[in-house]
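Letter by letter, the chains look like this.
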Amino acid sequence: MLKVSKFGGSSLASAEQVSQVCDIITADPGRRLIVVSAPGKRHSQDIKVTDLLIAAASQRLAGKLGASECAEVVERYRSIASELGLSTEVVEPIAHDLTERLENSTTDADLYMDTMKAGGEDNCARLVAQVLQARGIDAYYVNPKDAGLLLSDEPGNAQVLPEAYNRLRTLQERQGITIFPGFFGYSRQGNIVTFSRGGSDITGAILASAVRAEVYENFTDVDSVFAANPSIVKDPAPIAELTYREMRELSYAGFSVFHDEALEPVYRAHVPVNIRNTNNPDADGTRILPDRKSTDIPVVGIAAMENVCCIYLSKYLMNRQIGFGRRLLQILEAEEISFEHVPSGIDNMSVVIREENLSVQKEKRVIEQIRQTLAPEDVFVERDLALIMVVGEGMRHTVGIASRATKALAGASVNIEMINQGSNEVSMMFGIKSGDMETAVQALYEEFFNGDNSST
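What counts and what doesn't
Residues numbered from 1 in each chain as written. Predicted model: local features only at pLDDT ≥ 70, side-chain atom pairs only at ≥ 80, totals over all residues. Heavy atoms only, no water. Helix = DSSP H or I, 4+ residues; strand = E, 2+ residues; numbered from the N terminus. Rg over C-alpha atoms; globule rule 2.2 N^0.38 Å. Buried < 20%, exposed > 50% of the residue type's maximum accessible area, 1.4 Å probe, protein only. Contact = heavy atoms within 4.5 Å. Lys, Arg positive; Asp, Glu negative; His and termini not counted. Charge placed at Lys NZ, Arg CZ, Asp CG, Glu CD. Pairing = 2+ DSSP bridges. Salt bridge = Lys/Arg side-chain N within 4 Å of Asp/Glu carboxyl O.

Engineer: Which residues make up the overall build of the protein, and what are the values?
Structural biologist: Each helix and strand in the protein was counted, giving 14 helices and 17 strands. Its C-alpha atoms give the protein a radius of gyration of 24 Å, within 12% of the compact-globule value 23 Å for 456 residues. Across its three principal directions, the C-alpha atoms of the protein cover 75 × 55 × 45 Å. Taken over 456 residues, the protein has a buried fraction of 53%. Excluding contacts between residues fewer than 6 apart, the proportion of contacts in the protein whose partners are at least 24 apart in sequence is 75%. Of the side chains in the protein, 44 bear a positive and 63 a negative charge, and the two mean positions are spaced by 3 Å.

Engineer: For helix α8 (residues 200–210), give the residues involved together with the corresponding values.
Structural biologist: In an α-helix, one turn spans 3.6 residues; hence positions three or four apart end up facing the same way. Burial analysis of α8 places 11 of its 11 residues in the buried class, which makes it a mostly covered element. Among all positions in α8, only Ser-200, Asp-201, Ile-202, Thr-203, Gly-204, Ala-205, Ile-206, Leu-207, Ala-208, Ser-209 and Ala-210 are buried. One or two residues past the end of α8 sits Arg-212, with phi positive at roughly 50°.

Engineer: Provide a residue-level description of the pairing of strand β14 (residues 348–354), including the pertinent values.
Structural biologist: Taken across its 7 residues, β14 has 5 buried, putting it largely inside the fold. Pairing of strand β13 (residues 301–314) with β14, which is carried by 7 bridges, proceeds in the antiparallel orientation. When the sheet's bridge partners are listed, Val-308 is paired in β14 with Arg-354.

Engineer: Would you mind going over the environment of Ile-322 in detail, with residue names and values included?
Structural biologist: Note that Ile-322 resides in the loop between β13 and α11 (324–334). Sequence separation between Ile-322 and Ile-432 is 110 residues; the distance between their C-alpha atoms is 31 Å.

Engineer: I'd like a description of the pattern of salt bridges, backed by residues and values.
Structural biologist: In the structure shown here, the tally under the stated rule is 25 salt bridges. Lys-3 is paired through a salt bridge with Asp-28; the nearest N and O atoms lie 2.5 Å apart. Separated by 25 residues along the polypeptide, Lys-3 in strand β1 (residues 3–7) and Asp-28 in the loop between α1 (15–27) and β2 (31–36) bring together distant segments of the chain. Judged by relative accessible area, which is 15%, Lys-3 ranks as buried. For Asp-28, a relative accessible area of 18% gives the class buried. For Arg-245, the salt bridge is made with Glu-393, and the minimal N-O distance between the two is 2.6 Å. Of this pair, Arg-245 sits in helix α9 (residues 244–252) while Glu-393 sits in the loop between β15 (378–391) and α13 (401–411), and the two are 148 residues apart along the sequence. Judged by relative accessible area, Arg-245 falls into the partly exposed class, the value being 30%. Overall, Glu-393 belongs to the buried group, its relative accessible area being 2%. Because the salt bridges share partners, they merge into one network encompassing Asp-97, Arg-101, Asp-122 and Arg-126.

Written out as structure tokens, the structure reads:
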């Protein structure tokens, strides 16, 4: 059976890490389709290759050279190749490619930036293929354009086009090990376009879906997904199994171990995902499946998202006005603002938005349009909010989860600004002040993981 294995930036940051990745690839003959990210940080003070390329592109777009940042990227690859005993000639095509990208036309700034960003993954894939070849392994780099990874013409936020799946399916027929660069593909116009940041996870999921892989292995730098952010909760419990729905909710709300958009392709193809640790490949990791064998544990994780704001508006007899919600959302659509949640009451409605999507200028225009179009009695924006998500399939079968959560928050003196729960009851959202976020996560973790976390 064919496995798709994706390795993140931390797994490819140094020669030692690249060597470990190659060991993992060759340890299982099923690992024949490999997706790689650009090299990440070697230490806490280091700079990721992608960030260096963004800096180089920004310099060029500002009318400067960007050459020093580009040279740093070349040196990173040179260092990896040298420490692995590869010929210096291996780096020459990489240096040429990056210089060529840097000197491309900057007329379309967005497409230029995507071309530069994609250079990290593209050249890392070439390098990994050569490392494997030097070991006598039948391994080959493949370009996403040649493979048929067609994406929408949306630089920095591209989406896979349906016809890409049939084109990519032929990858399963290739002999040897295929090394595929993550994060980018090509538009119908032939332009390089990238997914949102961290999009190599998406590339892996698309390939796993296209070839109907036995499993999609996502190698990172942790043993598993944890029930809470380790930077907030000390030694949080590992999660052995999650459903696609649970992982989607956790990723959306801040679990950075897996890109929240990466689940859709594997979800539709029913391909299981296994999140594993490059530095501890014998660990079982976390499995993401269509359904969990047991939902006896109602809550599997506590997630938190900062930097959100909320538009509050109220109007007496709002519920009697047909189309009120539609007209409100049309105002946001006209400003190209997506929303996260829409908690509402009989005479009031709240729209939760990411701060980055509502600039001060947009806020002024939106509020004015709301006043003119909907004539609310009150409308204002509250910023500096955080969303806390309590996630678990078993919540729908368990009485009292909301009561326990609100009691835990009250006990920690955390005021709740809003509450929202989807009809599928997989998650429960609490809106709170950003300054209370860590306290809230710790209180909820204590309630559900150090207390009773069963459905009986």
